[in-house]
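Listed below, chain by chain, are the residues.
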Amino acid sequence: MIETRTAIMAYAENRDSFRFSDLLAYLNGIISISKVTLSWYLREMVKDNILFKLGRGIYTSRQHSVTDYAPRLRKKAIKIGKLIAGAFPFVEISVFDGQVLADLQHHISVNNIIYIEVEREAMESVFHWLKAEGYTAYLHPGKDFVYDNIDLSKEAVIVKPLISESPLTEENGIRTPRIEKILVDILCDDDMDYLHGSEWHYIFDHVINTYSVNRSTLLRYASRRNAKDKIGKAFENLNTDD
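(A) Up close: the overall build of the protein chain. Secondary structure assignment for the protein chain yields ten helices and nine strands. Its C-alpha atoms give the protein chain principal-axis dimensions of roughly 75 × 35 × 30 Å. The burial tally for the protein chain puts 47% of its 242 residues in the buried class. Counting contacts in the protein chain only where the partners sit at least 6 residues apart, residues at least 24 apart contribute 66% of the total. Total accessible area on the protein chain is roughly 12,500 Å²; 47% of this is exposed by carbon and sulfur atoms. One way to put it: in the protein chain the 30 positive side-chain charges average out to a point 1 Å from where the 34 negative ones average out.

(B) Seen up close, the side chain of S94. Locating S94 in the fold gives a position in strand β4 (residues 93–97). Sequence-distant contacts of S94, defined by excluding residues within four places in its chain, comprise Y115, I116, E117, L162, L168, R175, T176, P177 and K181.

(C) View of the sheet that holds β4. Taking strand neighbours across the sheet as the criterion, the four strands line up as β4-β5-β7-β6 in an open arrangement whose pairing is mixed. Strands with a single pairing partner mark the edges of an open sheet, and in this sheet they are β4 and β6 (137–139). Put simply, the sheet's adjacent strands are angled 20 degrees from each other on average, direction ignored. In terms of strand pairing, strand β5 (residues 113–118) meets strand β7 (residues 156–161) through six bridges, oriented parallel. Of the residues in β7, the one forming a bridge with Y115 is I158. Its contacts with the sheet place helix α4 (residues 75–87) against β4, β5 and β7, and it is angled at close to 165 degrees to β4.

(D) Structural context of the packing of aromatic side chains. Overall, the coordinates contain ten aromatic pairs when judged by the stated rule. Between Y11 and F18, the ring centres sit 5.7 Å apart and the planes meet at 85 degrees, which makes this aromatic pair edge-to-face. For Y11, a relative accessible area of 8% translates into the label buried. Seen from their ring centres, F88 and W129 are 6.3 Å apart, and the 80 degrees between their planes marks the pair as edge-to-face.

(E) Structural detail: helix α7 (residues 179–188). Burial runs high along α7: nine of the ten residues are buried. All buried positions along α7 are accounted for by I179, E180, K181, I182, L183, V184, D185, I186 and L187.

(F) Layout of helix α10 (residues 228–238). Considered for burial, the residues of α10 that qualify are I231, A234, F235 and L238. In an axial view of α10, the angular spread of the buried residues amounts to 100 degrees, which keeps them on one side of the axis. Exposed and facing more than 90 degrees away from the buried side of α10 are D229 and K230. In this structure, the buried residues of α10 make contact with β2 (52–55), α7, α8 (198–210) and α9 (215–224).

The rules behind each value
- Residues numbered from 1 in each chain as written.
- Predicted model: local features only at pLDDT ≥ 70, side-chain atom pairs only at ≥ 80, totals over all residues.
- Heavy atoms only, no water.
- Helix = DSSP H or I, 4+ residues; strand = E, 2+ residues; numbered from the N terminus.
- Buried < 20%, exposed > 50% of the residue type's maximum accessible area, 1.4 Å probe, protein only.
- Contact = heavy atoms within 4.5 Å.
- Areas by Shrake-Rupley, 256 points an atom, 1.4 Å probe, with all protein chains shown as cover.
- Lys, Arg positive; Asp, Glu negative; His and termini not counted.
- Charge placed at Lys NZ, Arg CZ, Asp CG, Glu CD.
- Pairing = 2+ DSSP bridges.
- Axes fitted to C-alpha atoms, helices over the stretch in contact; angles between N-to-C directions.
- Phe/Tyr/Trp six-rings, centres within 6.5 Å; stacked < 30°, edge-to-face > 60°.
- Arc of directions from axis to C-beta.

All quantities given are derived from atomic positions and should not be read as evidence of function.
The following block contains the structure:
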């Protein structure tokens, strides 16, 4: 009888990519194999770098490389970040540009918000400073307030607390979130509620399969946000095949 791995590779090597369901149907035409057993074979072959996952239930035998996530900030975000840093030189600041979310989404939506994260004690001071400088600013809004009062397509600033030990990097002299922080913040933050549910799971799958993600950094930050179990479950679901 044909060996299962050999049959899988014979199918895979003739295709740029393939779906779990199509492979299962093919194999059951030549051998008898259950969905659970095939899932186990595929996990082992991915672990051995024989196959590579392109997404949920999608595989390839071609070498699949990931890239480093390169954060980007529009000029306005950089300007605001530097102005706040100048006005509050002893406050740790992180700047996130909502426009980058479109690069990660499946159902693309416009977000022109600039998210400023500062230490909790400095939030109100930074918020009032932004208002005094003429910016449209909101102080740590909840999801209902966002839905009812904030048009994400219009430029504005949201001030929110910076979680200690957040994974940050630097871009143009401004501290900005690493991809691990972005994934967790989208999942946890009320002002990102519109990206929760299936959209977040798509973003998670897309990021994990496209960019170099430090899993220990991701889980450590998720733990600080009481989301470690949810992230762990997302990794488990990433390894499912339907």
